[in-house]
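# Structural characterization, general
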2 protein chains.
Amino acid sequence: MQLKDIAKRLNISISTVSRVINGTGRVNKDTRELILKTIKEMGYQPNEVARSLKRKSANTIGVIVPDISNSFYASVIKGVEKVAREGEHSVIVCNSDEDIQKEEEYVQLMLQKQVAGLVIATVGGDPQLFEQYKSSGIPFVFFDNLPNTEENFDIVTIDNVKAGYELAKHLVEQGHEKLAILTGPQHQSSAAERLQGFRKCLEENGLSVRDEWVGVGEFRRESGYKIMNEWLKRDELPTAIFAANDFLLYGAIKAILEKGLSIPQDIAAVCFDANDETGLIRPQITSVIQPADLIGTIAGEIILRKEKNKNRPVFEKIVLEPKLIINESSQKRIGG
Amino acid sequence: MQLKDIAKRLNISISTVSRVINGTGRVNKDTRELILKTIKEMGYQPNEVARSLKRKSANTIGVIVPDISNSFYASVIKGVEKVAREGEHSVIVCNSDEDIQKEEEYVQLMLQKQVAGLVIATVGGDPQLFEQYKSSGIPFVFFDNLPNTEENFDIVTIDNVKAGYELAKHLVEQGHEKLAILTGPQHQSSAAERLQGFRKCLEENGLSVRDEWVGVGEFRRESGYKIMNEWLKRDELPTAIFAANDFLLYGAIKAILEKGLSIPQDIAAVCFDANDETGLIRPQITSVIQPADLIGTIAGEIILRKEKNKNRPVFEKIVLEPKLIINESSQKRIGG
DNA sequence: TTGAAAGCGCTAACAG
DNA sequence: CTGTTAGCGCTTTCAA
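It should be emphasised that the depicted structure is a prediction, and the values quoted were computed from it without experimental measurement. (Residues numbered from 1 in each chain as written. Chains lettered and ligands numbered in written order. Predicted model: local features only at pLDDT ≥ 70, side-chain atom pairs only at ≥ 80, totals over all residues. Heavy atoms only, no water.)

### Some words on the packing of helix α10 (residues 221-233) of chain B against helix α11 (residues 246-258) of chain B
Residues and elements named next belong to chain B. Running from N to C, α10 and α11 cross one another at 40 degrees; their axes reach a closest spacing of 6 Å. Considering the angle they form, α10 stands oblique to α11. The handedness of the crossing between α10 and α11 comes out as right-handed. Note on element contacts: α11 touches α10 through F247, L248, Y250, G251, A252, K254, A255, I256 and E258, opposite R221, S223, G224, Y225, M228, N229 and L232. (Axes fitted to C-alpha atoms, helices over the stretch in contact; angles between N-to-C directions. Helix = DSSP H or I, 4+ residues; strand = E, 2+ residues; numbered from the N terminus. Parallel < 35°, antiparallel > 145°, perpendicular 65-115°, else oblique. Left-handed = near helix turned anticlockwise from the far one by under 90°. Contact = heavy atoms within 4.5 Å.)

Shown next as structure tokens:
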């Protein structure tokens, strides 16, 4: 079923049919209606691939995230999808699985598919990578992890240093002096900046950041579990832990509970992104919550806008305010 | 950057270049290497849209789920993506948001985009809808909810009646006689069949299914919360509740806890799909766990296979075994 | 207001 | 082994 068929049926040219479908140019009112009717009757659906080829854009927004199972990323995707839908675009989603190799491949794939733009939480750190992304000529909007490069890109993020600072400050205010941190790969800005905020806070409060309590792993449960277990083997334990994302903390908590210790009585805990969709996570986690849906929405909007404006070389860095949700996992210890 | 450019640079025809890129036909070894080298140098990327137009397929698998935030669906998507990647396909993901209207729109969109096939957890119930899907001519693989139609489709599912039966049986074996059920829209097969299994079990065990304890809502937390609150207002309470999915149960548990009751001491609880990614959900839920990743994998494979075999009219109904995970939420009451 | 025709970037006969 | 050519289904000049 294509233009040709309905044109033939009506004994008119395909360009006229095309015109009424696209609402471009003037078409006689009667023929327009006849065409519309026939289209409906025959159930014609335009071939988007052909359109895209002609248009040189696939009306599609690409999204690449490290882990679609993480509800933070799922919410971002939903946000992108919402604006995409409104703008008559669709969304291709890819999971990089925290693997820079896969990320690169998927970026290539998306480019080949002529996406209008890419929303990406990169896991890469090599500036060359971003130059390559840049040279593609289509808009890349970064969130979560920012590109390590001098090139200009659009960015939608929170202030991770500040948020890390605030989160650590909360622990300090609860009277904690022995703090440990679990964070992710240091070439990922979110991991590095959250650590930086943590450091800054401790230093300003006359506390020392103890190297043996700076645990650098991956943003996964297994990683948090492993690092925490190392710490638990030692004589001296921190009184509070700070995790750069939820999965790291969940792993750490597992280790803590297995050891027979409890939260927050023995060890208090806070983290980023612990957005409890179930409402049943115990202990309830004190956490910095990013406005995930909004991040996706804004990122999507930037891409649609740039597409309309022929990719004008204007770059925005949008900094959103996260929320600090205080919960039982960091409650002050009664007594000492 | 296109075929033309590299052909021009080398003073050869574009078809030769095309041949080496696709590895089709015989090409002189030296020219092949020269071409490969030049492609790399110039950083040529084939235009997938043009290829797709020619090929009449976009090498893409479409996936439509009701809610990408639900970890069950997220895992299915991951499964599809894995096989898609291996088969050099990509995945377009859409959220129907449990809205049949959106689902239809997205199906149309996917068809227009010439996807190779569609993996879908439909939320629709009208047979006409499925005839329409059928007439598209591309393979639809259903999971989770099955199409309400006589038409043949590929299906990857668990036996929901049986699983519902087993889950209810577990409660009965724990000594429960006053059972309530929370389920989803009855035009969705998963909701209806799980209820059916529940009924069958109670009847076989000489227990009555009390209409006032059959709560039909949507597969959302709010729905479970609302229905449970109604029940909690009455004098007589069930001693156990059975929910057709995790979100329904999470909502119900919220209501129960707010009322000052506890699980499983006052009310035991079981459900489908409570796959705890965090490991911190309390109480830990007794649940039927579907092999989500495998569902996605198999569904993706079916589509790739059909694409290869020119959509041979062979339809498979694949029934997978779920796991019943027994946890504290359904523990036997000590005493009475 | 309409139609003819060029062309989007690529693949695949077909001919040489 | 290589080049020419005809489309894939659509949009969009340009003429009529």
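Let's pick the thread back up.
### Side note on the interface of chain B and chain A
Facing 44 residues of chain B, the contacting portion of chain A comprises 44 residues. Its largest share of buried area at the contact with chain A, chain B owes to R85, Q112 and L280 of chain B, together 16% of the area lost on that side. Put simply, chain B and chain A have four salt bridges between them. Inspection of the region where chain B meets chain A yields 22 residue pairs in polar contact (both at pLDDT 80 or more). Counted by class, the side of chain B that touches chain A contains 19 nonpolar, 13 polar and 12 charged residues. (Buried area = accessible area lost by both parts, 1.4 Å probe. Salt bridge = Lys/Arg side-chain N within 4 Å of Asp/Glu carboxyl O. Polar contact = N/O pair within 3.5 Å; in protein donor to acceptor, adjacent residues only side chain to side chain. Nonpolar A, V, L, I, M, F, W, Y, C, P; charged D, E, K, R; others polar.)

### Notes on the UniProt feature "domain: HTH lacI-type" (unreviewed entry) in chain A
UniProt annotation of "domain: HTH lacI-type" (unreviewed entry) refers to residues 1-55 of chain A when read in the numbering used here. Helix and strand shares over residues 1-55 of chain A are 71% and 0% respectively, and the end C-alpha atoms of the span are 21 Å apart. (UniProt positions renumbered as here; feature names shortened; annotations may be inferred.)

### Focus on the state of the cysteines
What the rule picks out here adds up to zero disulfides over all chains. Looking at C201 of chain B, it has no disulfide partner, and the nearest cysteine sulfur is the one in C271 of chain B, 17 Å off. (Disulfide = S-S within 2.5 Å.)

### A look at the sheet that holds strand β12 (residues 323-325) of chain A
All names here are of chain A. Pairing in this open sheet of six strands is mixed, and the strands run β7-β6-β8-β9-β10-β12 from one edge to the other. Two strands bound the open sheet, and with one partner strand each, they are β7 (214-216) and β12. Sheet twist, expressed as the average angle between the axes of neighbouring strands with direction ignored, equals 15 degrees. Relative to β7, strand β6 (residues 179-183) runs parallel, the two being bridged by three bridges. Each bridged residue has a counterpart across the sheet, and for T183 the counterpart in β7 is V216. Against the sheet, helix α10 (residues 221-233) engages β6, β7 and β8 (240-243), with an angle of about 155 degrees to β6. (Pairing = 2+ DSSP bridges.)

### Overview of the nonpolar core
If you look at the biggest cluster of nonpolar residues, it comprises 99 residues, and the most contacted ones within it are F143, F198 and F242 of chain A together with F143, F198 and F242 of chain B. Those residues in contact with F242 of chain A that lie beyond four places of it in its chain are G164, L167, A168, L171, A180, I181, L182, R194, F198, V270 and F272 of chain A. Core analysis: the next-biggest nonpolar cluster, separate from the first, contains 57 residues, I241, A243 and L280 of chain A together with A269 of chain B among them. (Core = buried A, V, L, I, M, F, W, Y, C linked by side-chain atoms within 4.5 Å. Buried < 20%, exposed > 50% of the residue type's maximum accessible area, 1.4 Å probe, protein only.)

### Some thoughts on the protein's contact with DNA strand D
Every one of the 25 residues lining DNA strand D counts as a neighbour, but Y44 of chain A together with S15, R19, R26 and N28 of chain B are closest to it. Within 4 Å of the protein, the contacting atoms of DNA strand D are 61% sugar and phosphate, with bases supplying the remainder. Y44 of chain A places a polar side-chain atom, nitrogen or oxygen, 2.4 Å from a phosphate oxygen of DNA strand D. At 2.8 Å from a phosphate oxygen of DNA strand D is found a side-chain nitrogen or oxygen belonging to R51 of chain A. Mapped by element, the contributors of at least two residues to the surface near DNA strand D are α2 (14-22) and α4 (48-55) of chain A together with α2 (14-22) and α4 (48-55) of chain B. (Near = heavy atom within 4 Å.)

### Here's the deal with the pattern of salt bridges
The tally for this structure, following the rule as stated, stands at 38 salt bridges over all chains. The salt bridge involving R9 of chain B is made with E41 of chain B; its shortest N-O contact spans 3.9 Å. Of this pair, R9 of chain B sits in helix α1 (residues 3-10) while E41 of chain B is found in helix α3 (residues 29-42), placing the two residues 32 residues apart along the sequence. Several salt bridges share partner residues, and in doing so they unite K178, R210, E212 and E236 of chain A into one network.

### Looking at the pairing of strand β3 (residues 117-120) of chain B
Residues and elements named next belong to chain B. Residues G117 and V119 point to one face of β3 and L118 and I120 to the other, with burial holding for every one of them. With four bridges connecting them, strand β1 (residues 60-65) and β3 associate as parallel partners. Each bridged residue has a counterpart across the sheet, and for I61 the counterpart in β3 is G117. Bridge count for β3 against strand β4 (residues 140-143) is three bridges, and the pairing is parallel. Paired with I120 across the two strands is F142, which belongs to β4.

### A look at a negative patch on the surface
Residues and elements named next belong to chain A. Taken together, the side chains of D126, E131, E150 and E151 present a region of like negative charge at the surface. With respect to the secondary-structure elements, E131 resides in helix α7 (residues 127-135). Using a relative accessible area of 40% as the deciding quantity, one classes E131 as partly exposed. (Patch = residues over 30% accessible without salt bridge, like charges linked within 9 Å, V, L, I, M, F, W, Y side chains within 5 Å. Areas by Shrake-Rupley, 256 points an atom, 1.4 Å probe, with all protein chains shown as cover. Lys, Arg positive; Asp, Glu negative; His and termini not counted. Charge placed at Lys NZ, Arg CZ, Asp CG, Glu CD.)

### Some words on the relation of the copies chain B and chain A
Copies of the same chain, two in number, are related to each other by a rotation about an axis and a translation along it. When chain B is brought onto chain A, the operation consists of a screw motion whose angular component is 180 degrees and whose axial shift is 0.0 Å, with 0.1 Å RMSD remaining. Expressed as a symmetry operation, the mapping of one chain copy onto the other fits a two-fold axis. When the interface residues of chain B are mapped onto chain A, 100% of them are again interface residues, pointing to one common binding face. (Least-squares fit on C-alpha atoms with pLDDT ≥ 70 in both.)

### Overview of the sheet that holds strand β9 (residues 268-272) of chain B
Residues and elements named next belong to chain B. With mixed pairing, the six strands of this open sheet are ordered in space as β7-β6-β8-β9-β10-β12. Among the strands making up the open sheet, the edge pair consists of β7 (214-216) and β12 (323-325). The sheet shows a mean angle of 15 degrees between the axes of neighbouring strands, direction not considered. Here β9 pairs with strand β10 (residues 286-289) via three bridges, running parallel. What sits directly across from V270, in β10, is T286. Packed on one face of the sheet, helix α8 (residues 160-173) meets β6 (179-183), β8 (240-243), β9, β10 and β12 and runs near 165 degrees to β9. Each of β6, β7 and β8 touches α10; the most contacted strand, β6, lies at about 155 degrees to it.

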